[in-house]
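Residue-level structure breakdown
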Amino acid sequence: MKFFVDTADVNDIRELAETGLLDGVTTNPSLIHKAGRDFLDVVKEICAIVPGPVSAEVVALDHETMMKEAEILRKIADNVAVKVPLTLEGLKTCRKLTSDGTMVNVTLCFSANQALLAAKAGATFVSPFVGRHDDVGFDGMQLISDIRLIYDNYDYGTEILVASVRHPIHVLESAKLGADVATMPPAVIRQLVKHPLTDKGIEGFLADWAKTGQKIS
Ligand code: E4P
């Protein structure tokens, strides 16, 4: 399973990239606003830190303007994945961009039928938003399960990129269902490694080691 980080904070990205566990990055207009930096500059900087796909989102709603924005975004670096919304205009843009060899992440997916359309449009990634789906009383994980089944039925190569991840259980369930990628806020990636028994175990081993009076040298 690939791990992407869902942030535009380059300090967090740099720190997580150093672990060797990061396969890509997703950004969105809200995360760019939060970072408080120039969009194109920050995407360029992220692309230089992480060699994997870096999603950068268009903000136009019509195909023609989406294509103009995509032109600017895809020129930033070879690892930019242009993010388009799951609308008919977005799907049309997806088809055009992927047939030109550009990676596309179709975002804001909330139904399995939408995901089917994204695959038919040749999307590199589809982003089902599990947390926001849960928020309105649906089951985000059922959505992932349905999309996995449909993509496997037809051998679609579009990768299921689980988005709007709120906690480690979303990651665990996504992995069990065979999702290709999870994009997580930095805090969730850091939470994955934590277990109280690991901390307690380290504490106990170090206490006993100190009693031996030895050093590894
Ligand atoms: C994905 O690409 C989106 O940027 C993101 O996961 C949205 O998450 P949110 O629902 O926490 O805003």
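Residues numbered from 1 in each chain as written. Predicted model: local features only at pLDDT ≥ 70, side-chain atom pairs only at ≥ 80, totals over all residues.

If you check an unreviewed UniProt entry, the chain appears there as Probable transaldolase from Sphingomonas changbaiensis NBRC 104936. Here is the UniProt Function (unreviewed entry) comment for the chain, exactly as written: "Transaldolase is important for the balance of metabolites in the pentose-phosphate pathway." Under the UniProt heading Subcellular location (unreviewed entry), the entry covering the chain gives this text: "Cytoplasm". (UniProt positions renumbered as here; feature names shortened; annotations may be inferred.)

1. Description of the packing of helix H1 (residues 10–17) against helix H3 (residues 39–49)
The contact between H1 and H3 brings their axes to 10 Å, and the two run at 5°. As judged from the angle between their axes, H1 and H3 are roughly parallel. The residues of H3 that touch H1, namely those facing Val-10, Ile-13, Arg-14 and Ala-17, are Val-42, Glu-45, Ile-46 and Ile-49. Residue composition of the contact of H1 with H3, by class: six nonpolar, no polar and two charged. (Axes fitted to C-alpha atoms, helices over the stretch in contact; angles between N-to-C directions. Helix = DSSP H or I, 4+ residues; strand = E, 2+ residues; numbered from the N terminus. Parallel < 35°, antiparallel > 145°, perpendicular 65-115°, else oblique. Contact = placed C-beta atoms within 7 Å. Nonpolar A, V, L, I, M, F, W, Y, C, P; charged D, E, K, R; others polar.)

2. Notes on the packing of helix H4 (residues 63–74) against helix H5 (residues 88–99)
Interhelical geometry of H4 versus H5 gives an angle of 45° and a closest axis separation of 9 Å. Considered as vectors, H4 and H5 are oriented oblique to each other. For the element pair H4 and H5, the recorded crossing hand is right-handed. Listed contacts from H5 to His-63, Met-66, Met-67 and Ala-70 of H4 are Glu-89, Gly-90, Lys-92, Thr-93, Lys-96 and Leu-97. (Left-handed = near helix turned anticlockwise from the far one by under 90°.)

3. Side note on the nonpolar core
Counting residues in hydrophobic clusters, the biggest one holds 53 residues, and the most contacted among them are Val-82, Ala-118, Val-126 and Val-162. Among the elements that take part in this core, helix H8 (residues 140–154) stands out by supplying five residues, more than any other. Once residues within four sequence positions are removed from consideration, Val-126 is found in contact with Val-106, Cys-109, Ala-115, Ala-118, Ala-119, Thr-158, Ile-160 and Leu-161. (Core = buried A, V, L, I, M, F, W, Y, C linked by C-beta atoms within 7 Å. Buried ≥ 20, exposed ≤ 12 C-beta atoms within 10 Å, placed from the backbone.)

4. Points about the UniProt feature "active site" (unreviewed entry) in the chain
Per the UniProt record, "active site" (unreviewed entry) is found at Lys-83. In this fold, Lys-83 is placed in strand E4 (residues 80–85). Those residues in contact with Lys-83 that lie beyond four places of it in its chain are Ser-55, Ala-56, Glu-57, Val-58, Asn-105 and Thr-107.

5. Re the site of the ligand
Residues in close proximity to the ligand include Asp-6, Thr-26, Asn-28, Thr-107, Ser-127, Phe-129, Gly-131, Arg-132, Ala-163, Ser-164 and Thr-183, which together make up its full environment. The residue inventory of the shell around the ligand, partitioned by class, reads two nonpolar, seven polar and two charged. (Near = placed C-beta within 6 Å.)

6. Examining the sheet that holds strand E1 (residues 2–6)
Strand order in the closed barrel formed by eight strands is E1-E2-E3-E4-E5-E6-E7-E8, and the pairing between neighbours is parallel. Neighbour-to-neighbour, the strand axes of the sheet open up by a mean angle of 30°, direction not taken into account. Summarising the sheet, strand E2 (residues 24–26) and strand E3 (residues 54–57) pair through two bridges and their orientation is parallel. By the bridge assignment for E3, Val-25 is matched with Val-54. Sitting on the sheet, H3 touches E2, E3 and E4, and the angle it makes with E3 is about 170°. (Pairing = 2+ DSSP bridges.)

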